[in-house]
Every structure is written in structure tokens, then in C-alpha cells.
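Spelled out, the chains give:
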Amino acid sequence: MNEHQPQQRTAWAFVGGLGILAILIALPTIGLVVLLSSGGGDPLTVMLTGVGLLGIALGVGLTWAGISGYHGLPSPKFYSLGGLGILLVLTAGVMGLALLIPPARQLSALFAPLHLGMIAFPALFLLLLITWAAGREAALTLRQLIVTLTGGVMTIIVALPVELIGFVVSVFIVAVIAALVPGGEAELTRLMTLLEGWAE
């Protein structure tokens, strides 16, 4: 496949545009989350800030991939013994910090990079380790890796609201059926009470 073909250049330009868009959305999102948190800490603030940071990271990666792909620049392979060592050190570092810092203090937007690192660094380390074992021929280029990871993340982002809508519809259907069946409403109330007890 020739990356200098007009179709490929257009595709890479689109990828770069998506990266810039992701950055433009993620930056104000993080600022808004931090502003609304009013200095307080809770899991939702950490999660939303982490999602924003992930958006920035993927946005920067997509922008680089789009620009380099558009100009037909070579992309290095995700295959490096030095990179394996760096990822191992980073993984051990974030895990060590997570153990040393009290959990109550980690419920702050300032520690979102730590939580994101605990997710990303071990995953990238294992991926690079498996790639190293498979051989250079099986390794993806950095450009391919960035686009693949972004596709996976976007799939999850799209799937979550779809699953939530499906859950709400399912609950509504069950409630309607329970209301039509004799004794169903009382049984539904009993189940709701039971669920509330588990949630406490």
C-alpha cells in the first residue's frame, strides 16, 4: 500500500484532524472537571480527568501519525529492548507510588496521571514484551499502534452509552411486565429493596 496515493494522504489528513479535535475537546474538559470539583476529591473527578488526559495523549499521537503519514515519513516499529526497560521502570514506579501514597489523597484530579499510568504502562509493557517474543517481523509501527489503540478506545466509548441505553430499556420493560402480572409489583419492590441493601 502506497502512502503517497491521494486517498492515503486524505485519510492521514483526516486522522491528524481527529487528533487535533481530540485535544481541543479534552483540554477544556479537564479544566471544567477540575473547576467543578472545587478542590475536593472523589472517584468521578479522578476518572473524568483521566479520560481527558487519555484524550490528550491519543490526540497528540493521532496528530503525529496524521502528519507523518501525510508526508510519507517512515514510522519506527514498536520493537525496542530499551523501550521494554523504560516501560518496566515506569510500571514499577507508578505501582510503588500508588502503594506509598494514602488512598484518600489519591482521590484528587492531581493524581489522575498516576491512575492512568497504572493502566497504560503495564499494558504497553506486556504488549511490547509479547511483540519482542514474536519477533521484529510481527511488530506494528508506532503509527499503526496509535491508530489501533485509538480505535479500541473509541469502540469502548461508543459501546458504554449504548449498553447504558440497553440497560434502561431492559429495566423499563421488566417494570412494565411486573406491573401487569399479579403480585409482580410487590416482587419488584422486594427486589429493589434487596439491591439497595447490597449497594450499602
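Up top is the structure these notes are about.
Everything numeric here is computed off the predicted structure, so don't read it as measured data.

On to helix α1 (residues 6–37), then. Side chains three or four residues apart in an α-helix point the same way, a direct result of the helix having 3.6 residues per turn. Compared with an ideal rise of 1.5 Å per residue, which puts 32 residues at 46 Å, α1 spans 47 Å between its outermost C-alpha atoms and is within 8% of the ideal. All of the buried residues in α1 are Q8, W12, V15, G16, G19, I23, A26, I30, V33 and S37.

Here S80 lies in the loop between α2 (43–70) and α3 (81–100). Residue class for S80 comes out partly exposed when judged on its relative accessible area of 34%. Along the primary structure S80 and L128 are separated by 48 residues, whereas in three dimensions their C-alpha atoms are 7.8 Å apart. A distance of 3.3 Å separates a polar side-chain atom of S80 from the backbone nitrogen of G82.

Among the secondary structure elements, P6 is positioned in helix α1. Sequence-wise, P6 and L36 are 30 residues apart; in three dimensions their C-alpha atoms are separated by 45 Å.

With that settled, the discussion passes to α3. When the terminal C-alpha atoms of α3 are compared, their 29 Å separation across 20 residues agrees well with the 28 Å that a helix rising 1.5 Å per residue should span. Three or more residues of α3 are buried, namely G83, L84, L87, T91, V94 and A98. What you see down the axis of α3 is that its buried residues fit within an arc of 105 degrees, all on one side. For α3, the exposed residues set more than 90 degrees away from the buried face come down to L81, I86, V89, A92, L99 and L100. Regarding α3, its N-cap is S80, as a side-chain oxygen of that residue lies 3.3 Å from the backbone nitrogen of G82 further along.

About the criteria used
- Residues numbered from 1 in each chain as written.
- Predicted model: local features only at pLDDT ≥ 70, side-chain atom pairs only at ≥ 80, totals over all residues.
- Heavy atoms only, no water.
- Helix = DSSP H or I, 4+ residues; strand = E, 2+ residues; numbered from the N terminus.
- Expected span 1.5 Å × (residues − 1).
- Buried < 20%, exposed > 50% of the residue type's maximum accessible area, 1.4 Å probe, protein only.
- Polar contact = N/O pair within 3.5 Å; in protein donor to acceptor, adjacent residues only side chain to side chain.
- Arc of directions from axis to C-beta.

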